[in-house]
Amino acid sequence: MHQPHYLPWLGLIDKIDRTDLFIVLDHVQYERKGWQNRNYVAGKGGPVLLTVPVIQQSRDERIMDKKIDTSRPWRDKHRRTIAEHCYRKAPFWDEYAEAVISLYDRDWERLDELAMASTELVLDAFGIDTPVIRASDLGEFPGQKSELLAQLSAKVGASSMLSGDGAQDYVDQRVFQRYGIAVEWQNFVHPEYPQFNRKAKDGFLPRMAALDLLLNAGPSGIDLIRRSRTESGPAPQDIEDAADATGEAPGA
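Residues numbered from 1 in each chain as written. Predicted model: local features only at pLDDT ≥ 70, side-chain atom pairs only at ≥ 80, totals over all residues. Heavy atoms only, no water.

1. Remarks on the overall build of the protein
1) Next: Counting secondary structure elements, the protein contains nine helices and six strands.
2) Next: Over its C-alpha trace the protein gives a radius of gyration of 18 Å, about what one expects of a compact globule, namely 18 Å for 252 residues.
3) Next: The C-alpha extent of the protein, read off along each of the three principal axes, is 50 × 45 × 30 Å.
4) Next: Residue burial in the protein is summarised as follows: out of 252 residues, 54% are buried.
5) Next: Roughly 12200 Å² of accessible area belongs to the protein as shown, and the carbon and sulfur atoms make up 46% of that amount.
6) Next: Charged side chains of the protein number 31 positive and 39 negative; the gap between the two group centres comes to 5 Å. (Helix = DSSP H or I, 4+ residues; strand = E, 2+ residues; numbered from the N terminus. Rg over C-alpha atoms; globule rule 2.2 N^0.38 Å. Buried < 20%, exposed > 50% of the residue type's maximum accessible area, 1.4 Å probe, protein only. Areas by Shrake-Rupley, 256 points an atom, 1.4 Å probe, with all protein chains shown as cover. Lys, Arg positive; Asp, Glu negative; His and termini not counted. Charge placed at Lys NZ, Arg CZ, Asp CG, Glu CD.)

Put into structure tokens, the structure is as follows:
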């Protein structure tokens, strides 16, 4: 399970692909200055950050209630950045251009709906058919943090929860044991692949939006993700600080 993220990175796609059921944590608190409304794409000169502007109200706002600031022309900027500046000459741009561009044809109002649409685009292209449900559709849960995650896992009859490595500091496995649920760690290893607009001397840009792998490698990019699970060694260095670039927010 994880919060919905706009243009999700490969670690989240890997997590969904590896599970029998994925729960979208849409009912938890929105994280300001987090990664739920932004991510990087790869430009010729380096990473380009795309941010969806949101309306700031209460600090206790849930993700499912977060509204996009539609008064700002963010859709045109994101469309041009992806379609004209970053990926127009990518090997698989022609194949997925219509699906990508159509993402910006709709006047989105809610961040969670946009985030899920951008995620589903990549999942469909990679042929990932893991069932996806929203936590908000499962009812009310009194728990917080690990208790909440354990309650959600129990609700859907899970025997184990797959968690990102960044959650090891705050996931209390003893809580899960009380519910008879094991915790497994993702141990995600970021694959490297040819990026058409990067020369060898420029080096590989890790932790871009999963769209980068799709447009560079096509549907077979999922095979690179799956093969990387058997590899060992640390993931590439983050673009920003380690806590931010993991994309792992509390409760993930």
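Okay, back to it.
2. Quick look at the packing of aromatic side chains
Aromatic ring pairs are defined here through the distance separating the ring centres and the angle between the ring planes.
1) Next: What the rule picks out here adds up to five aromatic pairs.
2) Next: Geometrically, the ring pair formed by Trp74 and Tyr104 is edge-to-face, given 6.2 Å between the ring centres and 75° between the ring planes. Of the two residues, Trp74 is situated in helix H2 (residues 74-86) and Tyr104 in the loop between helix H3 (93-102) and helix H4 (111-126); the sequence distance between them amounts to 30 residues. There is no split in this pair, since Trp74 and Tyr104 are both buried. (Phe/Tyr/Trp six-rings, centres within 6.5 Å; stacked < 30°, edge-to-face > 60°.)

3. Structural notes on the packing of H2 against H3
The description of two helices packed together rests on the angle between their axes and the distance between the axes.
1) Next: The geometry of H2 relative to H3 is characterised by a closest axis approach of 11 Å and an angle of 175° between their N-to-C directions. Classified by the angle between their axes, H2 and H3 sit roughly antiparallel to one another. Between H2 and H3, the contacting residues are Arg79, Ile82 and Ala83 on the first element and Trp93, Val100 and Ile101 on the second.
2) Next: Tallied by class, residues from the contact of H2 with H3 come to five nonpolar, no polar and one charged. (Axes fitted to C-alpha atoms, helices over the stretch in contact; angles between N-to-C directions. Parallel < 35°, antiparallel > 145°, perpendicular 65-115°, else oblique. Contact = heavy atoms within 4.5 Å. Nonpolar A, V, L, I, M, F, W, Y, C, P; charged D, E, K, R; others polar.)

4. Things to note about helix H1 (residues 10-18)
1) Next: A large share of H1 lies buried, amounting to eight of its nine residues.
2) Next: When we look at burial in H1, the residues that qualify are Leu10, Gly11, Leu12, Ile13, Asp14, Lys15, Ile16 and Asp17.
3) Next: Against strand E1 (22-24), H4, strand E5 (160-163), helix H7 (210-217) and helix H8 (221-228) lie the buried residues of H1.

5. Observations regarding the pairing of strand E2 (residues 38-43)
1) Next: Among the six residues that make up E2, six are buried, leaving the element largely enclosed by the rest of the structure.
2) Next: Neither face of E2 is open: one carries Arg38, Tyr40 and Ala42, the other Asn39, Val41 and Gly43, and all of them are buried.
3) Next: Direction of pairing for E2 relative to strand E3 (residues 46-51): antiparallel, over a ladder of six bridges. Following the sheet pairing, Asn39 is matched in E3 by Leu50.
4) Next: Linkage of E2 to E3, two consecutive antiparallel strands, is achieved through a turn of two residues. (Pairing = 2+ DSSP bridges.)

6. With respect to the pattern of salt bridges
1) Next: Using the criterion set out here, one finds 16 salt bridges in the structure.
2) Next: In this structure, Arg18 and Asp14 form a salt bridge, with 3.6 Å as the shortest nitrogen-oxygen distance. Taken together, the positions of Arg18 and Asp14, both in helix H1 and four residues apart, correspond to about one turn of that helix.
3) Next: Given the relative accessible area of 0%, Asp14 is considered buried.
4) Next: Measuring nitrogen to oxygen at the nearest pair gives 3.4 Å for the salt bridge that ties Arg106 to Glu113.
5) Next: Taking the relative accessible area as the measure of exposure, Glu113 reaches 28% and is therefore partly exposed.
6) Next: Each of Asp26, Arg106, Arg110, Asp112, Glu113 and Arg134 takes part in one network of salt bridges that share partners. (Salt bridge = Lys/Arg side-chain N within 4 Å of Asp/Glu carboxyl O.)

7. Description of the pairing of E5
1) Next: With four bridges joining them, E5 and strand E6 (residues 182-185) adopt parallel strand pairing. Residue Met161 lies in a different strand from E6, and its bridge partner there is Val183.

8. Concerning the confidence of the model for the protein
1) Next: For the protein, mean pLDDT is 90; residues scoring 70 or higher make up 91% of the total.
2) Next: Taken together, the stretch residues 232-252 has pLDDT below 50 and engages in 52 contacts with residues farther than four places along the chain or on a different chain. (pLDDT = per-residue confidence, 0-100.)

9. Description of the side chain of His2
1) Next: When you line up the elements, His2 lands in the segment before H1.
2) Next: A polar contact is formed between the side chain of His2 and the side chain of Gln3, at a distance of 3.3 Å. (Polar contact = N/O pair within 3.5 Å; in protein donor to acceptor, adjacent residues only side chain to side chain.)

10. Things to note about unusual backbone geometry
1) Next: A positive phi angle is found at Leu7, which is not glycine, with a value near 45°.
2) Next: Mapped onto the fold, Leu7 is located in the segment before H1.
3) Next: Leu7 sits in the buried class, given a relative accessible area of 4%.

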